[in-house]
Each structure stands twice: as structure tokens, then as C-alpha cells.
Protein chains: 2
Amino acid sequence: MTTSESVGDVTPQKAHFTDPLMLRSGDVLPAYELIYETYGALNAARDNAVLVCHALSGSHHVAGTYAGKPRSEGWWDNLIGPGKPLDTNKFFVIGVNNLGGCYGSSGPNAINPASGKPWGADFPFVTVDDWVTSQARLADLLGIERFALVLGGSLGGMQALHWTLAYPERVRNAAIIAAAAKLSAQNIAFNEVARQAILSDPDFHGGHYYEHGVVPVSGLRLARMVGHITYLSDDSMAEKFGRRLRHGEHKYHWDVEFEIESYLRHQGDKFAGFFDANAYLLATKALDYFDPAYGFDGNLKAALARARANFLIASFTTDWRFSPARSRELMYALQHNGLSVSYAELESVAGHDSFLLDDPQYHAVLRAWFDGIEVSA
Amino acid sequence: MTTSESVGDVTPQKAHFTDPLMLRSGDVLPAYELIYETYGALNAARDNAVLVCHALSGSHHVAGTYAGKPRSEGWWDNLIGPGKPLDTNKFFVIGVNNLGGCYGSSGPNAINPASGKPWGADFPFVTVDDWVTSQARLADLLGIERFALVLGGSLGGMQALHWTLAYPERVRNAAIIAAAAKLSAQNIAFNEVARQAILSDPDFHGGHYYEHGVVPVSGLRLARMVGHITYLSDDSMAEKFGRRLRHGEHKYHWDVEFEIESYLRHQGDKFAGFFDANAYLLATKALDYFDPAYGFDGNLKAALARARANFLIASFTTDWRFSPARSRELMYALQHNGLSVSYAELESVAGHDSFLLDDPQYHAVLRAWFDGIEVSA
């Protein structure tokens, strides 16, 4: 058995960038900040760096804890640490909060230097491309010419994929987990419901709710509830909740009858208590727009021809948000380009959220593949 | 080829009931009205009557048109008429709006005789059981002791199933289409999102919006949008919309980018323009509560032992709201009780909504089964 432990207490850092960032939308971000964390040490050859890209509601806080804060483990703490599948004794791991997020990087809830007020709805649209560009600048700042590995799950996996296309020479390996090469109409539809819930909340105030001292709680809550349904599988909901009644019998009221209702409301309330609505909106749009084949007449194989990395593609049997079929589509398109692709289709009842869980088979697959990545001593 | 035609112009009728209706919730409806339509003629033996039960947003207007109103075809007009699969030359067909609905039967948007104002949130919870009881009283009124057939799709199918359990001697045949013996946790979860969207709309006013001269449009619109996603299949959305762009290119705005967004908004707006929010809430609760096995420790086989009808169970391959597996579960439980069950699992890309569509294979199955039902000359 490998002994694995936490990376321990960590402290986020901030990087300031004053080179304007030309965004995909045509807008320009004159200056910006990125908040990030690192775990492990960059080796002398600078060839052991790993970038972890986060999903819709993730952050730069990927592993470790914050001093004095109980239960402050990073969102992928089960994967990353000394002796863990992504071993920080070997790798220098970086987590970064994406632009437009709400955890400390420049985003709608941060101060717009031009106005001295929160950006709010004035924060520009950001895309996966823009995130990758900004992450590359952070890599420059940290002296990392080439990543040993870029990885992520879901929207994070899309960033990892885009890294291999935007900077093919800067990524040796990419792990793309529970992701897809683009959203389906159904995926976009769910995002649209979430957006309309927020945009139609009277407390949204056109995205300038900060100035009104309110938060579009109802909209954000609904957005998270509908999102949450798509993160879980039908099976896992059946297993966890089924038709279990709160009071043991039908009460015929609008309060919680079935435990699944309580769970969803709780998830919605919790999320609405800390996440920024504008940041949520922007992240859903980044998801919608992501499509490497967009400039290639929808030809994914042609779009991926630039890639040079070795790939690990992983999917989960009960993930209906980004099903295994979508991962296989990506795998075939990469293989068509003569690239090295390992593919793991993992049994799991947990649906899309499986990528965050500590499943032994899943982690064994990742560990074996990460162990095979060569780095200098 | 069979020549089939419309039943032509139809006129709804209203039945008044003054016997109090004891509801499953324990509440009592002192008096109530049911609005209904009939097509074809009741034969002398009174053995050719068919009851069509409607789904979540359906009505008593099942077939035919309203004089002078273009595009006023009933919701199952493609199925019912002279020479159509459910042939009104043979059958006497009844459509009835359920209690708690909003098309003319007693419901939240109707006047509460006790107050002289719309019932609003004071209208009691109604269940599938209650609907069936009220439909049986309508059958009494119309002099129908026994139905040749009770049928419905989705929530309508649940009513047909309950008919065979509540009044086993009054149903010779039951067709249960695109339905399930109960909602799953995921089904309930989607309903709960829809409810929370309506309940949290400031214009809902605790269900008494009529008095405020407003309608909870935003909530109802969101409820319909999320519902609509579950009515279509991933495949049919991909086929109809895919990632087709409204403007041919990414515009980076909050207006419609992808055609699927436009479609969903349109469906939501349209629905919010005519359907009653309280009625929608009540119908989702009726769905949630439906569970014949509720009083049988979850044992569906035991729950169905009372049934005497012949059954047709039909499901659609791409229906993920009530998947074929759920129909098969029902079929096995009925067969376990020695009942005659025909089962059709139909190829369709259209998802749950398939039961409303004019698919040749689907209609051929129904026609053949309906043709086999014996009625007196």
C-alpha cells in the first residue's frame, strides 16, 4: 500500500497581469489578476509541472486545507497529495481560478479598476480559449515552458483539450475526464434554463445586484438545482433517495414530501449562499461556446490535427451529462490523428460527479497513467 | 387504405356534481364541475365507451375542432376520429378535464363558491385516485357502467392504470402509454425544480395572484422550459437543433445564440401565456404522489393483483422521462398476476412526446389492438 497524505495547509497567491488580454469575443481586458495555488515543488529541469483546470463551480483551491479552517479541503484533494494518484512528491501542481470566476481572479464580483465598483454585468464574456491564454501567461510567469500534464474534469477537461490545440508544444500529456468535445443541444438547453432562472430573478438587476445590496438567490438556487440533477445519475438518485418520504407518509403539502426534494433545495440554498450569479452565467456561456471544431466546419478530426500530447480520456458509465459516447467521439478523433490515446470507461453509479469521487478503480487508472509520465529527478 | 377523418366541430359539456368528493388528502370538495367532450355515439348495449385521460398539460379537448377556430384540433386528434386508430365509428370516446386543471373543470382558476373568488392556492390537492373517482361519477352520469377501454399517455396512462385497480369490473381494456408505475427520484427532482420556479416567483403571491392582477410568468416559463427538456430526447434535440446558431456565428451576448435556446424560450413563453400556475403545481404533485404500491410496502405485484383488464403497455426507445424499462417493470408485474398484457416497445427519436405523434408504426400497433376490442353492434 502507498501511504498518501494531504498536501497540508496551503496559501493562495495572486499574479497581476498588465498586458491587455484580447478576448475571443473581441473585448479586451486591459489588466487582470489570477489567484492560484501550487502543491509540490518545481524541479530543476522545470519539467514536472501539472496544471489542473476547474469545472463550472470549481476554484484554484484544488488540494490541501486552509489553516484553522476545518473541512476546507480542496475540491480534488482525494486525488492530489504526497503518495496520492497525482503525487506531489513527483509533480508540481498548479490550480488557478479562471477569469470571470468568483474566487479571487478578476471577475464580475471583483472591482473594475475603471469604475472602482464591482464589474458585475460589465465583465466581458470569457471563453475556454481565453482561460487557456491567461493560464499560459501564468505559466510564463512561473517559468514553466512546458507542462508535464494538463488535466481537468468536465469543463476542466475542455480546457485541457484546448491547451493541446492552442499550445501543442507546451503540453506533454493531457487527461480529459468526464468531458466532451462540445455541448449537445440538450446540454445547452439545461444551461439556458439556469441562465433564464438567474436573468429573470428581480434581484438580478441586470447583473448589477451588488449595488443594490441584494443577490439573485432564487435564480441562482434554481440554476443549481437543475444543474445538480444533471450531475447525478438516475441510478444514484434512486439509490440515495428513491421515493423515501420525509414524514413516512404523504402529507399533501408544499413542504418536503420526498427526501430528494430536501436534498435539491439544500444544494440550491447552499450554492446560492456563496457563488456569484454573474460568474455562473459566464461559466455556462463558456461551456456553450466551447467547440474546437467551430472554425473547422464542425470537423472535429481536422480541428484536433494540431495536437501533439499523449491523451488519457476517461468517462463514467452513468454520466448522462457527458456520456461515454461523447468521450469515445473525442477518442476516435484524436486516434484518427495518430495520437496516443488511452481510454478508460469506468463503471460508476454516480453520474457526472463521478470524476470528483474517490473511486478505487478510477483512481487506480489515473495513478497508473500519471506514474507513466517521465519527469527529471 | 382506411379513410380517416376528423370528428369535426365539437362542443364541450359541463357536468355538475353535488355529492361531496372525499379526497385522498383528507380534504373534501363539497361540489364540483367537470368539463368534457364526447365523440362518436354510445351504442344501445352501452359497451363501446372509451375514456381518454390527459397528461400534465392536457385537457378534455382530445379530438376535433372548435367551430370558427383554426388550428383548434384536440391534442390527440391524430389518433381519434372516424377511421382513425381509435375509431369513433366504433367507439364512444370521452375526454374530461381533470379536477384541479385550468380548462373548465373545478380548479384553482375557477370560482370557489364559498368565497366567490378564484380558488387559487385554496384548491385542495388532487391525486390520480381522486381524478379516477370523479371520472367514475361522470361515467355514472353518462350511464356507462363499464368502459370498453380506458387509455392515456404519461400521467394519463397512470390514470388508466389506476382505473383498473379502483374499478376493476368497470374497465375491460386499458392502454398505458409512455408511463410508469411511479415517478423516480429524478422525475420528482425535475418536478421540484418546476415547483420552486413557480413558488419563488414574486408574482405568485402565495398562489393568490389572480387577486393581484398578475401571473407568475417567469416561474411558469421556467417550469415549462425544464419540463420540455424532459419531453424531448437528446437525439431529437440534436436532430432538430444541434448547435445551430441563430446568427451563423458566436455573438457573445445574452440573446439567443443557439436555436435550441430560442425554441425553449418560445415554448416557455407560449405556455406561460395560457396555462395556470396553480394547476401546474397541482398536476406535478399528483404525478409525484402516484404510486399504486404505496399501500403495499412498495410491492407492485401485490398492488396490481386487483386488476382484471386486458392491458396494452407501450413505450418509446428514446423516452428518458419514462423509459421502456419502467414500462417493462409494469408489464412484468401485471403478467405476474396472470393478466393479459400486450407490450410494444416502439422505435422513436422523439422521446417522451412520441406518444402524441402520428408515427405509422405506433398508430398501427394501437389500431390493431383497438380493433380487437369487441363491442356490440
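Since this is a predicted model, take the numbers as computed values, not measurements.

Undergrad: Which parts of the structure should I look at to understand the nonpolar core?
TA: Nonpolar side chains in soluble globular proteins tend to be buried together. Membership of the largest hydrophobic core comes to 254 residues, with the highest contact counts inside it found for Leu-86, Phe-311 and Phe-370 of chain A together with Leu-86, Phe-311 and Phe-370 of chain B. If near-sequence neighbours (up to four positions away) are discounted, Phe-370 of chain A is found in contact with Leu-79, Pro-85, Leu-86, Lys-90, Phe-91, Leu-149, Leu-151 and Ala-175 of chain A.

Undergrad: Whenever I open this one, the confidence of the model for chain A confuses me. Can you help?
TA: Note: predicted coordinates in regions of low pLDDT should not be interpreted at a detailed level. Here chain A averages 97 in pLDDT, while 99% of its residues score no lower than 70. Overall fold confidence (pTM) sits at 0.97, and the ipTM for the predicted complex is 0.96.

Undergrad: Any chance you could explain the interface of chain B and chain A here in plain terms?
TA: It is common to give the size of an interface as the accessible area that goes away when the parts come together. Taken together, the contact pairs 54 residues of chain B with 54 residues of chain A. Buried surface at the junction of chain B and chain A, both sides included, amounts to about 4,800 Å², of which 69% is carbon and sulfur. Between Glu-192 of chain B and Arg-265 of chain A there is a salt bridge; the shortest N-O distance is 2.5 Å. Run the count over chain B and chain A and you get 22 residue pairs in polar contact (both at pLDDT 80 or more). Breaking the side of chain B that touches chain A down by element, the ones donating at least two residues are helix H3 (185-199), helix H4 (217-231), helix H5 (234-240), helix H6 (259-272) and helix H7 (277-289) of chain B. It is H3 of chain B that provides the largest number of residues to the side of chain B that touches chain A, a total of ten residues. Its residues assigned to classes, the side of chain B that touches chain A comprises 28 nonpolar, ten polar and 16 charged.

Undergrad: Any chance you could explain the pattern of salt bridges here in plain terms?
TA: Side chains bearing opposite charge may pair, as long as their charged atoms lie close to each other. Using the criterion set out here, one finds 28 salt bridges over all chains in the structure. For the salt bridge of Lys-251 of chain A with Glu-249 of chain A, the shortest nitrogen-to-oxygen distance reads 3.1 Å. With relative accessibility at 39%, the residue Glu-249 of chain A sits in the partly exposed group. Taken together, the salt bridges that share partners define one network made up of Glu-192, Arg-195 and Asp-288 of chain A together with Glu-261 and Arg-265 of chain B.

Undergrad: Even after reading the chapter, I still don't get H3 of chain B, so can you show me in this structure?
TA: Since the α-helix packs 3.6 residues into each turn, any two residues three or four apart lie on the same face. The end-to-end C-alpha separation of H3 of chain B is 20 Å, in line with the 21 Å expected for 15 residues at 1.5 Å each. For H3 of chain B, a buried count of 14 out of 15 residues is recorded, marking the element as mostly surrounded by other parts of the structure.

Undergrad: Just checking my understanding: could you explain the sheet that holds strand S13 (residues 310-316) of chain B for this structure?
TA: Strand pairing in a sheet relies on backbone hydrogen bonds, with the paired strands running either antiparallel or parallel. Residues and elements named next belong to chain B. With respect to topology, eight strands assemble into an open sheet ordered S1-S4-S8-S5-S11-S12-S13-S14, the strand pairing being mixed. Strand pairing shows two members of the sheet lacking a second neighbour, strand S1 (13-17) and strand S14 (341-346), which therefore form its edges. The mean angle between the axes of side-by-side strands here comes to 20°, regardless of whether they run parallel or antiparallel. Bridge count for strand S5 (residues 49-53) against strand S8 (residues 92-96) is four bridges, and the pairing is parallel. Bridge pairing in S8 links Val-52 to Gly-95.

Undergrad: Mind showing me how you'd approach the environment of Gly-156 of chain B here?
TA: Residues and elements named next belong to chain B. Secondary-structure assignment places Gly-156 in helix H2 (residues 155-166). On a C-alpha basis, the gap between Gly-156 and Arg-137 in space is 18 Å, while along the polypeptide they are 19 residues apart. Those residues in contact with Gly-156 that sit more than four places away from it in its chain are Cys-53, His-54, Ala-55 and Leu-151.

Undergrad: Sorry if this is basic, but what is going on with the side chain of Ser-106 of chain A here?
TA: All names here are of chain A. Mapped onto the elements, Ser-106 comes out in the loop between strand S8 (92-96) and strand S9 (111-112). A relative accessible area of 11% places Ser-106 in the buried class. A polar side-chain atom of Ser-106 sits 2.8 Å from the main-chain amide nitrogen of Glu-33. If we skip the residues at most four places from it in the chain, Ser-106 touches Tyr-32, Glu-33, Asn-98, Leu-99, Gly-100, Gly-101 and Phe-123.

Undergrad: How should the sheet that holds strand S1 (residues 13-17) of chain A be read in this particular structure?
TA: Residues and elements named next belong to chain A. Strand order across the open sheet formed by eight strands is S1-S4-S8-S5-S11-S12-S13-S14, with mixed pairing between neighbours. The open sheet is flanked by S1 and strand S14 (341-346), the only strands paired with a single partner. Along the sheet, successive strands turn relative to each other by an average axial angle of 20°, direction set aside. Two strands pair when backbone bridges link them, and strand S12 (residues 173-177) and strand S13 (residues 310-316) are joined in this way by five bridges, in the parallel orientation. Residue pairing for S13: Ile-176 is matched across the bridge by Ile-313. The strands touched by helix H9 (residues 324-336) are S12, S13 and S14; relative to S14, the strand with the most contacts, the crossing angle is about 170°.

Undergrad: What am I meant to see in the side chain of Ser-184 of chain B here?
TA: Mapped onto the elements of the fold, Ser-184 of chain B is located in the loop between strand S12 (173-177) and H3. Owing to a relative accessible area of 14%, Ser-184 of chain B belongs among the buried residues under this scheme.

Undergrad: It is not clear to me how the packing of H3 of chain B against H4 of chain B should be interpreted in this structure. Could you clarify?
TA: All names here are of chain B. The interhelical angle for the contact between H3 and H4, taken along N-to-C directions, is 165°, at an axis separation of 7 Å. The pairing of H3 with H4 is recorded here as roughly antiparallel in orientation. As for how H3 packs across H4, the hand of that crossing is right-handed. The residues of H4 that touch H3, namely those facing Phe-190, Val-193, Ala-194, Ala-197 and Ile-198, are Gly-219, Leu-220, Leu-222, Ala-223, Val-226 and Thr-230. Across the contact of H3 with H4, the residue classes tally to nine nonpolar, two polar and no charged.

Undergrad: What's the story with the relation of the copies chain B and chain A in this structure? I'm lost.
TA: These two copies of the chain differ by a rotation about an axis and a displacement along the same axis. For the match of chain B to chain A, the screw axis carries a shift of 0.0 Å, the RMSD comes to 0.0 Å, and the turn is 180°. Expressed as a symmetry operation, the mapping of one chain copy onto the other fits a two-fold axis. Mapped onto chain A, 100% of the interface residues of chain B are again interface residues, and the two copies thus contact each other with one and the same surface.

Criteria and thresholds
Throughout this document, residue positions are counted from 1 along each chain, in the order its sequence is written. Lettering for chains starts from A, numbering for ligands starts from 1, and both go in the order in which the items are written. For a predicted model such as this one, the threshold for reporting local features is a pLDDT of at least 70, and the threshold for listing and counting side-chain atom pairs is 80 or more; totals across whole chains, interfaces and linings nevertheless cover every residue. Excluding hydrogens and water, the side-chain figures rest on all heavy atoms present in the structure. Side-chain atoms within 4.5 Å link the members of a nonpolar core, which is a set of buried Ala, Val, Leu, Ile, Met, Phe, Trp, Tyr and Cys residues. With a 1.4 Å probe rolled over the protein chains alone, any residue whose accessible area is under 20% of its type maximum counts as buried; one over 50% counts as exposed, and the rest are partly exposed. Every residue pair with non-hydrogen atoms within 4.5 Å of one another is taken to be in contact. A residue's pLDDT is the predictor's confidence in that residue, given on a scale from 0 to 100. Summed over both partners, buried area is the accessible surface (1.4 Å probe) that two parts give up on being assembled. Salt-bridge detection follows one rule: a side-chain nitrogen of Lys or Arg within 4 Å of a carboxyl oxygen of Asp or Glu. Definition of a polar contact: a pair of N or O atoms within 3.5 Å, with one able to donate and the other able to accept a hydrogen when the atoms are protein atoms, and with sequence-neighbouring residues admitted only if both atoms are side-chain atoms. Secondary structure follows DSSP: runs of H or I at least 4 residues long count as helices, runs of E at least 2 residues long count as strands, and numbering of each begins at the N terminus. Here the term charged refers only to Asp, Glu, Lys and Arg, the term nonpolar to Ala, Val, Leu, Ile, Met, Phe, Trp, Tyr, Cys and Pro, and the term polar to all other amino acids, Gly among them. Expected span of a helix: the number of residues minus one, times 1.5 Å. By definition, two strands form a pair when at least two bridges between them are found by DSSP. Structural elements are reduced to axes, namely lines fitted to C-alpha atoms, with helices fitted over the stretch in contact, and the angle between N-to-C directions of any two is expressed from 0 to 180 degrees. Throughout this description, any angle smaller than 35 degrees is read as roughly parallel, any larger than 145 degrees as roughly antiparallel, any in the 65 to 115 degree range as roughly perpendicular, and the remainder as oblique. Crossing handedness is defined as follows: a turn of the near helix away from the far one that is anticlockwise and smaller than a right angle gives a left-handed crossing, while the clockwise case is right-handed. Copies overlap after least-squares fitting; the atoms used are the C-alpha atoms of residues with pLDDT of at least 70 in both.

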